[in-house]
Amino acid sequence: HPHEKILVIDGHTGFTGGINLADEYINTKEMQKQSGISVSCGTYYTKLFDKMIWYSSLDHSIAVSLIVWNFTKDKKQTIAGLFHDIATPTFKHCVDFLNGDYMKQESTEDLTSYMISSSEKIMALLNKDNIKLEEVNDYHIYPIADNDTPKLSADRLEYSLSNALFNCHLAKLDTVREIYNDISVQTNEDGIAELGFNNLDVGLKFVWITSVLSVIYRDDKTRYSMQLIADILKDLSDLGIVSKGDLYTKKEDEMLEVMRLNGYKDVIDTWSNACEVLTSREEPKGVYYVCHGAKVRYINPLVRSSRITDKSRVAQEMIDKNLAYDMSKYVYLDMKLERRI
C-alpha cells in the first residue's frame, strides 16, 4: 500500500493526520487515475534502467501532500500539493517531449485547474471544506510546496528521496530518514520561507544524492527513451489512432499495447529489451536517434538560511560537475523508427 511505503520514511507527529486530511480527495477518480502512471516517465518499461519498482504519480502526489502537511499543518497548502500532478498524462514528462517542451517540462500544467474544476466530487469536497478553487489549483503560490530551481521544496524533496531509495538505490532508509529529520522551515535570501537543513554534513549528503539524480534524469538513455515514446505517440496521434484524451484515460501498459498493435511492436520490444544505448559524435545513418538537451534539475539547498554552496566548496564542486554533464552526443539503438502501419 502506498501509504505504508511513505509512512516508514518519517516519524514526525502529524504525518498520519495528513493522510486523514486528504483521504476523500485521494479517493476521487481524478486522483486515482494517477495510480496507472509511473513517475519514471516511461523508463520503467525498459531494461536500460535496472531494478526499478513501480512508484506511481499518485504515490508521489500523496507523499508531497504529506510533506507539505508536516511542515505547514495548513489544509489548503496540503491539498494544493496533492493536486499538483492531477493533470499528469500517461508517460508523464514524455508528453512534454511530445509538445517540444523538453527543456522546461511544464506544458501539461495548464490543465490542472480544468481537471479540478470539472470534477463534481472534488468541487463538492472543496465547497464542504470552504476552500476556493484558486487556493488549491496552483501549488506554485506556496513556496514550501514548490519554488524555482535550485531551491528546495516539498515536491523536489519527495522525488529526490523516493528515487534515491526505491529506484536509483543511492540511499538506504536510515539515510533518507536522517535527511528528512534534519529539515526545517527557514527563511531564504529573498525573505521567503523555504525548506532547509540544520546541519551541513546532512545537507552535503543530500547534495551528493541530488547531483547524481540530476544526471540520471537527463542522461543519454533517459532522453532517448522519453523522446522515443513521444515520437511514437505523435505518429499515432497524427494518424488519429491516439487522441489527446487517451493520454488522460489510458494506463501506460494499455498505451504500450496500443503501440504494439499499431505497427510498433518490434520497436517497443527492441527498446524494452535493450541494456545500453549507443552514442556518437557523428550523426548515425539509417537508425532512429535523439540529439538534444533536457531540463536540468538540481538543488542548492539552504543550511541555516544560507545556500550550501556559500558554506562548502565540496557542495559547489558536486553541483558544478552535475551541471557540466554533456548532452551533445547522438544517442541511438540499432533500429529504425518509421511509420509501420
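Residues numbered from 1 in each chain as written. Predicted model: local features only at pLDDT ≥ 70, side-chain atom pairs only at ≥ 80, totals over all residues. Heavy atoms only, no water.

Participant: How should the sheet that holds strand β3 (residues 278–280) be read in this particular structure?
Facilitator: Neighbouring strands of a sheet are bound in pairs by backbone hydrogen bonds; such pairs are parallel or else antiparallel. Reading across the sheet, the three strands line up as β3-β7-β4 and stay open at both edges, with antiparallel pairing between neighbours. The open sheet terminates on both sides in strands that have one partner only, identified here as β3 and β4 (289–290). Its contacts with the sheet place helix α12 (residues 220–238) against β3, β4 and β7 (330–332), and it is angled at close to 65 degrees to β7. (Pairing = 2+ DSSP bridges. Helix = DSSP H or I, 4+ residues; strand = E, 2+ residues; numbered from the N terminus. Contact = heavy atoms within 4.5 Å. Axes fitted to C-alpha atoms, helices over the stretch in contact; angles between N-to-C directions.)

Participant: Hey, could you run me through the packing of aromatic side chains in this one?
Facilitator: Each aromatic ring pair is summarised here by two numbers: the centre-to-centre distance and the angle between the ring planes. Applying the stated criterion across every chain, the model contains ten aromatic pairs. Ring centres of Tyr44 and Tyr45 lie 5.2 Å apart, and the angle between their planes is 90 degrees; this geometry places the pair in the edge-to-face category. Exposure remark for Tyr44: the relative accessible area of 31% places this residue in the partly exposed category. Residues Tyr45 and Phe91 carry aromatic rings whose centres are separated by 6.2 Å and whose planes lie at 80 degrees to one another, so their mutual orientation is edge-to-face. Highlighted residues: Tyr45 in the loop between α3 (29–32) and α4 (57–72) and Phe91 in the loop between α5 (75–83) and α6 (94–98), separated in sequence by 46 residues. By relative accessible area, which is 19% here, Tyr45 ends up buried. (Phe/Tyr/Trp six-rings, centres within 6.5 Å; stacked < 30°, edge-to-face > 60°. Buried < 20%, exposed > 50% of the residue type's maximum accessible area, 1.4 Å probe, protein only.)

Participant: How should the pattern of salt bridges be read in this particular structure?
Facilitator: Going through the model one piece at a time under the given rule, you end up with 15 salt bridges. Of the charged contacts in the structure, one is a salt bridge between Lys76 and Glu135, with a shortest N-O distance of 2.9 Å. Of this pair, Lys76 sits in helix α5 while Glu135 sits in the loop between α8 (120–128) and α9 (154–167), and the two are 59 residues apart along the sequence. The salt bridge partner of Asp326 is Arg281, with a shortest N-O separation of 2.5 Å. Of this pair, Asp326 sits in the loop between α15 (313–323) and β7 while Arg281 is found in the loop between β3 and β4, placing the two residues 45 residues apart along the sequence. Within the structure, one salt-bridge network assembled from shared partners comprises Glu189, Glu194 and Arg307. (Salt bridge = Lys/Arg side-chain N within 4 Å of Asp/Glu carboxyl O.)

Participant: Looking at this structure, I do not really get the packing of α9 against helix α11 (residues 200–218). What am I missing?
Facilitator: To characterise two packed helices, one gives the angle between the axes of the helices and the distance between these axes. Put simply, α9 and α11 touch, their axes get as near as 10 Å, and they point 85 degrees apart. Comparing their axes, α11 and α9 come out roughly perpendicular. Residue-level inspection shows Leu157, Tyr159, Ser160, Leu161, Asn163 and Ala164 of α9 in contact with α11, the latter providing Phe206, Ile209, Thr210, Leu213 and Tyr217. Here the contact of α9 with α11 is composed, by residue class, of eight nonpolar, three polar and no charged. (Parallel < 35°, antiparallel > 145°, perpendicular 65-115°, else oblique. Nonpolar A, V, L, I, M, F, W, Y, C, P; charged D, E, K, R; others polar.)

Participant: What is the right way to look at the pairing of strand β1 (residues 183–187) in this model?
Facilitator: The side chains of a regular strand alternate, first on one face of the sheet and then on the other. Looking at chain direction, β1 and strand β2 (residues 193–197) are connected through five bridges and run antiparallel. The residue bridging Val185 from the neighbouring strand is Leu195, located in β2. Adjacent in sequence and paired antiparallel, β1 and β2 are bridged by five residues, among which Gly191 carries a positive phi angle near 75 degrees.

Participant: What should I look at first to understand the sheet that holds β1 in this one?
Facilitator: Read across the sheet, four strands follow the order β1-β2-β5-β6 without closing on themselves; strand pairing throughout is mixed. Here the strands that pair on one side only, and so sit at the sheet edges, are β1 and β6 (306–307). Both β2 and strand β5 (residues 302–303) contribute to a ladder of two bridges, which runs parallel. Each residue of the ladder has a partner; that of Phe197, found in β5, is Val303.

Participant: Honestly, the side chain of Ser153 in this entry has me stumped. Any pointers?
Facilitator: Among the secondary structure elements, Ser153 is positioned in the loop between α8 and α9. Residue classification places Ser153 among the buried positions, given a relative accessible area of 0%.

Participant: Even after reading the chapter, I still don't get the packing of helix α10 (residues 173–181) against α11, so can you show me in this structure?
Facilitator: Taken N-terminus to C-terminus, the directions of α10 and α11 make an angle of 120 degrees; their axes are 9 Å apart at the nearest point. Put simply, α10 runs oblique to α11. Seen along the crossing, α10 lies across α11 with a hand that is left-handed. For the pair formed by α10 and α11, the contact residues are Thr175, Glu178 and Ile179 on the first element and Val202, Lys205, Phe206 and Ile209 on the second. Across the contact of α10 with α11, the residue classes tally to four nonpolar, one polar and two charged. (Left-handed = near helix turned anticlockwise from the far one by under 90°.)

Participant: How do you make sense of the nonpolar core when you look at a structure like this?
Facilitator: A general feature of soluble globular proteins is that nonpolar side chains tend to end up buried together. Formed by 89 residues in total, the largest nonpolar core has its most connected members in Phe83, Phe91, Leu157, Tyr224, Met259 and Trp271. Aside from chain neighbours lying at most four places away, what touches Trp271 is Gly42, Tyr45, Thr46, Leu48, Tyr224, Ser225, Leu228, Ile229, Leu333 and Met335. (Core = buried A, V, L, I, M, F, W, Y, C linked by side-chain atoms within 4.5 Å.)

Participant: Which parts of the structure should I look at to understand the environment of Ile183?
Facilitator: For Ile183, the position within the fold is in strand β1. C-alpha separation for the pair Ile183 and Glu194, spaced eleven residues apart in sequence, amounts to 10.0 Å. With near-sequence residues (within four places) excluded, Ile183 lies in contact with Phe71, Leu152, Leu157, Leu195, Gly196, Phe197 and Asn198.

By themselves these figures say nothing about function.
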